[in-house]
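Chain residues, written in single-letter form:
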Amino acid sequence: MSKHLRHQPPAEPNLPTPVRAGARGRLRWGVSCLTVALLLGGPAASTAAAEPPQRIVSLDLCMDWALAQHADPARVAALSPLHLRYPIHWIDDHWPSHDGSLEQVVGLQPDLVLTGQYSALMLRERLRSLGHRVEVLPLPSTLAQVESYERRLLELMGRDPQLAQPAPVPRTPQPDAKRLLLLGSNAIGTGRDTFEHQIIEQAGWRNYLTDSGHVQLDLERIASDPPDAILFAAPEHQALANRFAEHPVLRRSIPEGGWLSTDYWRWQCPGPWTWDLIRQLNQWLD
């Protein structure tokens, strides 16, 4: 390409030297001020970023429990209606709740809305479209993620993430450790590659089931090769779905001392209470 066709920077206007120097100085000064303004964000932006949310709303049950565990009640505008449908003994009636409608949630004027990844999909998108801040926290699928989940929640609430309980050092049960069957409703047992399996092994037990996922149980297999203990993790009410645990074959196969019981709610949502559950299961090994 000819050197005459190459791109040349535009020449400055034919102004006197003092005028050109003054223009360049003013330009540099303006750019510097703009840079500082962008970095600092101005006094109002800085104050808003530092101020923790004062009106928090939850859209699902697990988030209800997490907020009740960590948040100042004065800063919670409402929990979801699910915490009333599935009451828990350590959440009293003094916590406010909404009915799950867009109108009521907007009327609460929340400055932070919290939910899990599978909950209130349409509601949270409508809230976002109206300019509300919505944060989605995926539920932990590993024990290590329980700690990071709790840290993120504390951070969003404006609290110190260091307050989160650290996850325990990963533990592998001994080859001859006792075997535990985690029994749920409808004769379903919990096998490997599940969050519950990690809890069982972290507590020092071996999982009775070697299959992956949730397994339909076989009474003949249990009778011929019974586990050392059964933990019935299902709601304590009379329902056909829970009658399997009363089957005579199970009762004859497992001695009375081998039937364990924990709070059912601890298995429903991962959280800091998971560490208490692990300690409880571990104590039963002694």
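Basis of the calculations
Residues numbered from 1 in each chain as written. Predicted model: local features only at pLDDT ≥ 70, side-chain atom pairs only at ≥ 80, totals over all residues. Heavy atoms only, no water. Helix = DSSP H or I, 4+ residues; strand = E, 2+ residues; numbered from the N terminus. Buried < 20%, exposed > 50% of the residue type's maximum accessible area, 1.4 Å probe, protein only. Contact = heavy atoms within 4.5 Å. Areas by Shrake-Rupley, 256 points an atom, 1.4 Å probe, with all protein chains shown as cover. Salt bridge = Lys/Arg side-chain N within 4 Å of Asp/Glu carboxyl O. Pairing = 2+ DSSP bridges. Axes fitted to C-alpha atoms, helices over the stretch in contact; angles between N-to-C directions.

In this section: the overall build of the chain. Secondary structure assignment for the chain yields 12 helices and 10 strands. Looking at the 286 residues of the chain, the share that counts as buried comes to 39%. Long-range pairs, those at least 24 residues apart, make up 56% of the contacts in the chain with a sequence separation of at least 6. Working note: accessible area of the chain is about 16800 Å², and carbon and sulfur atoms make up 55% of it.

Attention shifts here to the pattern of salt bridges. This model, assessed by the stated rule, comprises 10 salt bridges. Between Glu125 and Arg128 there is a salt bridge, with the nearest N and O atoms lying 3.0 Å from each other. Of the two residues, Glu125 and Arg128 both sit in helix 6 (residues 121-129), three residues apart, roughly one turn of that helix. For Arg128, a relative accessible area of 36% translates into the label partly exposed. Between Asp263 and Arg266 there is a salt bridge, with the nearest N and O atoms lying 3.3 Å from each other. Linked through salt bridges whose partners overlap, the residues forming this network are Arg133, Glu135, Arg152 and Glu155.

In this section: the sheet that holds strand 3 (residues 112-115). With parallel pairing, the four strands of this open sheet are ordered in space as 2-1-3-4. Edge strands, defined here as strands with exactly one partner in the open sheet, are strand 2 (76-78) and strand 4 (134-136). Across this sheet, the average inter-strand angle for adjacent strands is 30°, counted without regard to direction. As paired strands, strand 1 (residues 56-58) and strand 2 are joined by two bridges and run parallel to one another. In the strand pairing of strand 2, Ile56 is matched with Val76. Its contacts with the sheet place helix 6 against strand 3 and strand 4, and it is angled at close to 140° to strand 4.

Note that all results are geometric; they support no functional claim without further evidence.
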